[in-house]
Amino acid sequence: MPPKKRNSGSKELRADSFCPEKKESPELSGNKHRDKDADFVTLCKMLHITDLVCDRAWTLWKTVQESMDDVSDSQKRLWGACLFVIVTDMDEACFTMTQVLKAVNLNVKQFMDLVRKLDVNLDTISTKVNSALTRLEKKYDVMLALYQRFEKTCKRIFVSAPDGRERETIRSCWTMFLLAKGRTLQMEDDLVISFQLLLCTFELFIKRCSPDLLQPLYISAISKVQSPPTRTSRRNQSKVKSRPVDPELDAQLLETLCKENECSVEEVKNVYQTSFSAFLDLLDLSRFPDFPQVTDVNQQYEEHYLKSRDIDGRLFFDGDETVLPPKVEISQVERTPKKNQPDEDGPLIPPQTPIRAAMTSIQLLRGDLPSSGDHPSVTLATYFKNCTVDPTQDVQKRLEMLGQVFSQKFGEAVGPHCVAYGRQRFVLGVRLYYKVMEAMLKSEEKRLSVQNFSKLLNDSTFHTSLLACALEVVMATYEESSFKNPGGGDQAETDVRFPWILNVFNLAAFDFYKVIESFIKAEPTLSKDIIKHLETCENLIMEKIAWKTGSTLFELLRQEHESGVAEQVETPASFSQPLQHNHTAADLYLSPVRPGHRILPPESPATPTSQASPQPSCQAAGQAPRHPKSNSLSLFYKKLYRLAYTRLKTLCSYLLMSHPELEPIIWTLFQHTLQHEYELMRERHLDQLMMSAMYAICKVKSVDLRFKSIVSAYKNMPNTNQETFKHVLIAEGQYDSIIVFYNQVFMQKLKTNILQYASPRPPTLSPIPQIPQSPYKFPNSPLRVPGSNNVYISPMKSSRMSPGIMMTPRSRMLVSIGESFGFSNRFQKINQMVNSGERSVKRSLERGSTLKPLKRLRFDVDGQDEADGSKSGGDSTLIQKLAEMSSTRSRMQEQKMKEDAESRKESL
């Protein structure tokens, strides 16, 4: 089936228009490619592929063909995917994303899935290609969400005309918005700023539109008073083209648009004045008394689109198949019930589209901050004045300097006209910074009965870390619904996701880590999504960022190990103890000494914010001075061990269920490496040591487990990316795969220790860390019934906070245990769901769930890895899940029978 042609409003794009650098690229020579399939060569010619790209893509295709067990997709589609991989790797400008989609007749999501499917050997797709895919996918998701909102908003603004005039107006509006977004934003996947630009575009078209095409609300919203004509001096009259004066920003109309779309008027005005106005100045509107012609805007947008080489946004308006999302995507992004089910009570649940979620989060953030919070409150100012050295002046100077740096870096990342947006977000961050600081000091005052926090409040690192954390919350609030995955993929240079803020402020990750937990405890209004984001930041620091060269973490570790074996970073005996501590940010920044080692000044009671001596209070004469133990380092390692063991346990559950005895042995080697060979973590990732430890123990225990099986299972773990096993530091400036790291670095460093586990007297096993629930998790969150994606159990809260408010809009049905059931058929429906889930688990059990090892892994070194034969304990896992699911169902049935019996007694 040939691809659809675009409507007449959009110019039909010819194949040769997709190669902006066509003149510099030599034509494909058919004589040179007689060894290749003729249809492949035809596809290459249509996409203007060079001879070199054609050869490399054909070589890749042959490799893929040999590696894939089942080539279910058509060859032409796979050829298109191979060409995309090679062109991206070589940074050639031969075709756009839309061109290749039309050539192979696939939509965006299907094509991206196909490209990732090529990575059979896990080294087919480079990190560069994966990064390009991630960027394109995020840009597509943002554009899809924007167009879906655009369609809905147009229905509320415009009236259908018998002659279809409104259609061309709407088309021109969408195309102009795409052009404005492309020219204004360097980072086009910023959902919030893009949506604000869309509202600015609507404002321009509404005030120029004929009233008979507008809904009554927007007819009345247009200001009756227009701006006076701009006068031009006689001297310049001959130099200026005559043009109708375009009215300036219509504040009344913009306020109506913002109110209807739950958007901040202040922010949208700022976008209009700083970005949209500059964009309009670049357009020659003198030829268009009403609207710019579609063809003219089309031409300008096409130039931008061909330069960017990705997705043609105009195709959304035409309903083109290449940008139509799969049905599942539509249900996830937009589908929400207009009203509750007939048998359900509770308030109506508003649609949670990406844009609505983003606007709601921003409104909540702004509502929780004091409007006059640009300066310290009276209470906070009093704390400053109570200090021995008043920090007020330093705080103000620091904020002024960091504010300029932040705004400048934000503009560089997002777009040249976006410095003002960065300034706005910085102001919100300052308000949150002051608010949290005040809450922290109140808590410290209550805990310590002191009011002089001079040492803490004059610590520049503490202030910078606290401000950075506040700004990260603001940035995450604006970006949380922008389809991002923090730390889960390769980041572009213009990405403002964490750890961007650390680079902006030149802040050490280990210092930033110290403030995270106290920040969360001091700000109870943080949403669950933001708390989860900060927890993810903390994990990223422990996994990788804190281990960068130059990190203060290495100096602290060196001091700890020089002080002697007795002063270990964190003793294994403490693993079984709960992760509970009373350390606040003040403790971690200023008092790295254990309480028993502190010397307290005579004028102050015990306070971690007072001056503390770094020397122990009692030390035998003649003994060498010993460095005090760092509370911040101790807590860091406690959390590191628990994170490391959690990751290892997950990986073992995928691969070693039939060898449970290996998990504690692997953990012992892993823990030993982190404690005694911590230099192996320099410029590396925690998971690289974890996978190496698993492989090493399986080797010495004669368990057949290859790296390709470890890596394939690792890809299924949460918060992972392929760079972890494809791009590992071997030596200075040299990177290679995980297997090369194991052979040349890990095994060489730990060979003696690894071989001990094969001896009759292996090392003593390290205790297993206690894995508590995260301190950041909400205990009252709904829990999913094992084996079912549709049944959740939520603790009863109160009558006004029923589960109907807490659950998602797509919840199938809600039963509140402890309240009247309302309709007796609800439990029957739940039983049916659980039974269907049980049957699906049984079907999986019959089919088997053994992880299918990859056919071959090219970065495995011949002779250094053994034959494939990994085992899986998938059956045990399924049986356990089946038992849990059946137990839950039985308990719910017993409860129902008991309540039925009680109700019968009452009736008697």
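Residues numbered from 1 in each chain as written. Predicted model: local features only at pLDDT ≥ 70, side-chain atom pairs only at ≥ 80, totals over all residues. Heavy atoms only, no water.

Novice: Which residues make up the overall build of the protein chain, and what values do they have?
Specialist: Regarding its fold elements, the protein chain presents 35 helices and four strands. Every one of the 908 residues in the protein chain was classed for burial, and the buried ones make up 52%. In the protein chain, of all internal contacts separated by at least 6 residues, the share reaching a separation of at least 24 is 76%. Counting every atom, the protein chain has about 43000 Å² of accessible surface; 50% of that belongs to carbon and sulfur. (Helix = DSSP H or I, 4+ residues; strand = E, 2+ residues; numbered from the N terminus. Buried < 20%, exposed > 50% of the residue type's maximum accessible area, 1.4 Å probe, protein only. Contact = heavy atoms within 4.5 Å. Areas by Shrake-Rupley, 256 points an atom, 1.4 Å probe, with all protein chains shown as cover.)

Novice: Which residues make up the environment of S527, and what values do they have?
Specialist: Residue position: S527 is located in the loop between α23 (509–522) and α24 (528–543). What makes S527 partly exposed here is its relative accessible area of 32%. With 162 residues separating them in the primary sequence, S527 and L365 have C-alpha atoms 9.2 Å apart.

Novice: Tell me what's going on with the nonpolar core, and back it up with residues and numbers.
Specialist: F202, F505, F519, F636 and M694 are the most contacted members of the largest nonpolar core, which totals 241 residues. Those residues in contact with F519, other than ones at most four positions away along the chain, are L432, V436, M440, L466, C469, A470, V473, L526 and L534. (Core = buried A, V, L, I, M, F, W, Y, C linked by side-chain atoms within 4.5 Å.)

Novice: Describe in detail the pairing of strand β1 (residues 728–731), supporting the description with residues and values.
Specialist: When a strand is regular, its side chains alternate between the sheet's two faces. Note: β1 against strand β2 (residues 734–736), three bridges, orientation antiparallel. Across the sheet, the residue bridging to L729 is Y735, located in β2. Connecting the antiparallel pair β1 and β2 is a turn made up of two residues, with G733 showing a positive phi of about 75°. (Pairing = 2+ DSSP bridges.)

Novice: Explain the packing of aromatic side chains residue by residue, including any values.
Specialist: Within the structure shown, the criterion is met by 37 aromatic pairs. For the ring pair W547 and F554, a centre distance of 5.8 Å and an interplane angle of 75° mean the geometry is edge-to-face. Overall, the relative accessible area of 0% leaves W547 in the buried class. By relative accessible area, F554 is classed as buried at 7%. Grouping aromatic residues by their ring pairs yields a cluster made of F510, Y513, W547, F554, F636, Y637, Y641, Y645, W667, F670 and Y678. (Phe/Tyr/Trp six-rings, centres within 6.5 Å; stacked < 30°, edge-to-face > 60°.)

Novice: Just give me the short version of the pattern of salt bridges, but keep the residues and values in it.
Specialist: If you walk through the whole model with that rule in mind, you get 37 salt bridges. Between R682 and E679 there is a salt bridge, with its nearest N and O atoms 2.8 Å apart. For E679, a relative accessible area of 40% corresponds to the partly exposed category. Through salt bridges with shared partners, a single network forms among K109, R116, E137 and D141. (Salt bridge = Lys/Arg side-chain N within 4 Å of Asp/Glu carboxyl O.)

Novice: I'd like a rundown of the packing of helix α11 (residues 251–260) against helix α12 (residues 265–282), residues and numbers included.
Specialist: It is at 10 Å that the axes of α11 and α12 come closest, and there the two elements cross at 125°. When the axis of α11 is compared with that of α12, the two are oblique. Note that α11 runs across α12; the crossing there is right-handed. The segment α11 lies against α12, with A251, L254, E255 and C258 engaging V265, V268 and K269. Here the residues of the contact of α11 with α12 sort into five nonpolar, no polar and two charged. (Axes fitted to C-alpha atoms, helices over the stretch in contact; angles between N-to-C directions. Parallel < 35°, antiparallel > 145°, perpendicular 65-115°, else oblique. Left-handed = near helix turned anticlockwise from the far one by under 90°. Nonpolar A, V, L, I, M, F, W, Y, C, P; charged D, E, K, R; others polar.)

Novice: Kindly report on the packing of helix α2 (residues 51–67) against helix α3 (residues 75–90), identifying the contributing residues and their values.
Specialist: Relative to each other, α2 and α3 sit at 125°, their axes nearing to 9 Å. By the criterion of interaxial angle, the relationship of α2 to α3 is oblique. Along this stretch, α2 crosses α3, giving a crossing that reads as right-handed. Side by side, α2 and α3 meet where L52, V53, R56, A57, W58, L60, W61 and Q65 of the first sit next to Q75, L78, W79, C82, L83, V85, I86, V87 and M90 of the second. The residue makeup of the contact of α2 with α3, split by class, is 14 nonpolar, two polar and one charged.

Novice: Summarise unusual backbone geometry; cite the residues concerned and give the values.
Specialist: Of note, the amide linkage connecting F498 to P499 takes the cis form, showing an omega dihedral of 10°. Structurally, the position occupied by P499 is in the loop between α21 (460–479) and α22 (500–505).

Novice: So what about the environment of N503? Which residues, and what values?
Specialist: Within the secondary structure layout, N503 lies in helix α22. A relative accessible area of 63% means that N503 is categorised as exposed. The spacing of N503 and K409 is 94 residues in sequence and 9.7 Å in space, taken between C-alpha atoms.

Novice: Break down the environment of L750 for me, citing the residues and quoting the values.
Specialist: Structurally, the position occupied by L750 is in helix α32 (residues 738–756). Placed 73 residues apart in sequence, L750 and E677 show a C-alpha to C-alpha distance of 8.7 Å. Ignoring sequence-local partners within four residues, the contact set of L750 consists of H672, T673, E677 and L680.

Novice: Would you mind going over the confidence of the model for the protein chain in detail, with residue names and values included?
Specialist: Summary statistics for the protein chain give a mean pLDDT of 76 and a share of 66% for residues scoring 70 or more. In the model of the protein chain, helix α33 (residues 803–806) stands out as the element of lowest mean pLDDT, 38, in contrast to helix α29 (residues 686–700), which has the highest, 96. Confidence drops under pLDDT 50 across residues 225–247; counting only partners more than four residues distant or on other chains, this segment forms 15 contacts. The model gives residues 591–608 a pLDDT under 50, and that stretch makes 45 contacts with residues more than four places away or in other chains. (pLDDT = per-residue confidence, 0-100.)

Novice: Can you lay out helix α28 (residues 662–676) for me, pointing to particular residues and giving the numbers?
Specialist: Taking 1.5 Å per residue as the helical rise, α28 with its 15 residues ought to reach 21 Å, and the 21 Å between its terminal C-alpha atoms agrees with that figure. Buried residues dominate α28, accounting for 12 of its 15 residues. All of the buried residues in α28 are L662, E663, I665, I666, W667, T668, L669, F670, Q671, T673, L674 and Q675. Close packing links the buried residues of α28 with α25 (552–562), α27 (631–655), α29 and α32. (Expected span 1.5 Å × (residues − 1).)

Novice: I'd like a rundown of the side chain of E517, residues and numbers included.
Specialist: Locating E517 in the fold gives a position in helix α23. E517 sits in the buried class, given a relative accessible area of 9%. A polar side-chain atom of E517 sits 2.5 Å from a polar atom in the side chain of K639. (Polar contact = N/O pair within 3.5 Å; in protein donor to acceptor, adjacent residues only side chain to side chain.)

Novice: Go over the state of the cysteines, please, and point to the residues and values.
Specialist: Inspection of the entire model under this criterion finds zero disulfides. Looking at the unpaired C258, the closest cysteine sulfur is the one in C263, lying at 5.3 Å. Exposure remark for C258: the relative accessible area of 0% places this residue in the buried category. (Disulfide = S-S within 2.5 Å.)

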